[in-house]
Amino acid sequence: MGVTRAQERDDEDRADVRWLDEEQQWAWRRFLEGTSRFFEALGDAHDEGLPVTLGEYHLLVQLSEAPGRTLRMSALAEFLALSRSRLTHTVDRMERRGLVVRTPVPGDRRGVNCVMTDAGYAALVDAAPGHVTAVRRLLVDALTDEELVTLGRAMAKIADTAKGPAAS
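Here is what the cut-offs are and how they apply
- Residues numbered from 1 in each chain as written.
- Predicted model: local features only at pLDDT ≥ 70, side-chain atom pairs only at ≥ 80, totals over all residues.
- Heavy atoms only, no water.
- Pairing = 2+ DSSP bridges.
- Helix = DSSP H or I, 4+ residues; strand = E, 2+ residues; numbered from the N terminus.
- Expected span 1.5 Å × (residues − 1).
- Bend = angle between axes of the 7 residues up to and from the residue.
- Buried < 20%, exposed > 50% of the residue type's maximum accessible area, 1.4 Å probe, protein only.
- Contact = heavy atoms within 4.5 Å.
- Polar contact = N/O pair within 3.5 Å; in protein donor to acceptor, adjacent residues only side chain to side chain.
- Core = buried A, V, L, I, M, F, W, Y, C linked by side-chain atoms within 4.5 Å.
- Patch = residues over 30% accessible without salt bridge, like charges linked within 9 Å, V, L, I, M, F, W, Y side chains within 5 Å.
- Areas by Shrake-Rupley, 256 points an atom, 1.4 Å probe, with all protein chains shown as cover.
- Salt bridge = Lys/Arg side-chain N within 4 Å of Asp/Glu carboxyl O.
- Lys, Arg positive; Asp, Glu negative; His and termini not counted.
- Charge placed at Lys NZ, Arg CZ, Asp CG, Glu CD.

S.K.: What is the right way to read the pairing of strand S2 (residues 100–105) from this model?
M.R.: Each regular strand carries side chains that alternate between the two faces of the sheet. Alignment of S2 against strand S3 (residues 108–116), held across six bridges, turns out to be antiparallel. Opposite valine 105, over in S3, you have aspartate 108 as the bridge partner. Hairpin connection, S2 to S3: the antiparallel pair is bridged by two residues, and glycine 107 has positive phi, about 80°.

S.K.: Explanation requested: helix H6 (residues 118–138) in the structure shown.
M.R.: Turn by turn, an α-helix covers 3.6 residues, leaving residues three or four places apart pointing in a common direction. Here H6 is 21 residues long and its end C-alpha atoms lie 30 Å apart, about the 30 Å a rise of 1.5 Å per residue gives. Along its length, H6 shows its largest kink, about 40°, at alanine 128, and proline proline 129 lies within four residues downstream of that point. Of the positions making up H6, those classed as buried are Gly120, Ala123, Leu124, Ala127, His131, Ala134 and Val135. Buried residues along H6 sit against helix H2 (22–49), helix H3 (54–64) and S3.

S.K.: What should I look at first to understand the side chain of threonine 117 in this one?
M.R.: The residue threonine 117 is located in the loop between S3 and H6 in this model. Within the structure, threonine 117 has its side chain in polar contact with the backbone nitrogen of glycine 120 (distance 3.0 Å). If we ignore the near neighbours within four places in the chain, the residues touching threonine 117 are Gly98, Leu99, Val100 and Val101.

S.K.: Help me understand the pairing of S3 in this model?
M.R.: Both strand S1 (residues 70–72) and S3 contribute to a ladder of three bridges, which runs antiparallel. For arginine 72, the partnering residue across the bridge sits in S3 and is asparagine 113.

S.K.: What is the right way to look at the nonpolar core in this model?
M.R.: Proteins that are soluble and globular tend to have nonpolar side chains buried together. Among the nonpolar cores identified, the biggest contains 23 residues, and Leu59, Leu63, Leu76, Leu87 and Val100 are the most heavily contacted of them. At the level of elements, H3, helix H4 (73–80), helix H5 (84–96), S3 and H6 are the ones that each hand at least two residues to this core. With near-sequence residues (within four places) excluded, leucine 87 lies in contact with Leu59, Met73, Leu76, Ala77, Leu80 and Leu82. Membership of the second largest hydrophobic core comes to six residues, among which are Phe38, Ala45, Leu54 and Val135.

S.K.: Could you clarify how one ought to interpret a negative patch on the surface in this entry?
M.R.: Among the surface-exposed residues, Glu40, Asp44, Asp47 and Glu48 lie close enough to one another that they form a single negatively charged patch. Structurally, aspartate 47 is set in helix H2.

S.K.: Sorry if this is basic, but what is going on with the pattern of salt bridges here?
M.R.: When the charged atoms of two side chains lie near each other, side chains of opposite charge can form a pair. Taken as a whole and judged by the stated rule, the model has eight salt bridges. A salt bridge links arginine 37 to glutamate 33; the shortest N-O distance between them is 2.8 Å. Placement of the pair is arginine 37 and glutamate 33 together in helix H2, with a separation of four residues, close to one helical turn. Judged by relative accessible area, arginine 37 falls into the exposed class, the value being 53%. For the salt bridge of arginine 72 with aspartate 108, the shortest nitrogen-to-oxygen distance reads 2.7 Å. With arginine 72 in strand S1 and aspartate 108 in strand S3, this residue pair connects regions lying 36 residues apart in the sequence. Taken together, the shared-partner salt bridges in this structure form one network comprising Arg30, Glu33 and Arg37.

Rendered as C-alpha cells:
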C-alpha cells in the first residue's frame, strides 16, 4: 500500500507545526478552563438575578461610555467582538424591551446608530452592583494585585493579536 500525495502533504504540514511543549500545553488548557468557567459563572450570576444578560450588560456599558450614549452598530460590533448578525439579534431583543433604540446616522443613509434609552440606563445601574460583586468574587479577589495587572496586560496582548494585522 503506497503513500498518497495527500498523506505526504499532511506529513509536511505536521512537520512545520510548532507543537506546544508540556508547560505550554498545561498553560493553554488552564486558560481554556479558566475563561470557560469564569464566563459561565458570570453569566449565571446575570441570569439568576440581574435584569440583563452578560452580553446585554457589556453592550450597555459600551453605550453608557459613548457620547450621547450612542454608537454606530458597526463600531458597537467591533467593541463587543461580535458579528454584525449576532449584534443585530441582541439589539432586536433589547429594543423590544425598551433598553435601546436604533436611529439613522445623520448624513449617512446606510448607517445605523444604537442609542441607550433611559430604561436601558436604569437597567445598567440596577445590574451594576451584582455584576461588580460577581466579577470581584470570581476574578479580582481570586488574584493578587500583581497577578490581576499581569492578567490584564496579557489579555490586552492576546486581544491585539487576535484582532489581526488590521489592528496594528
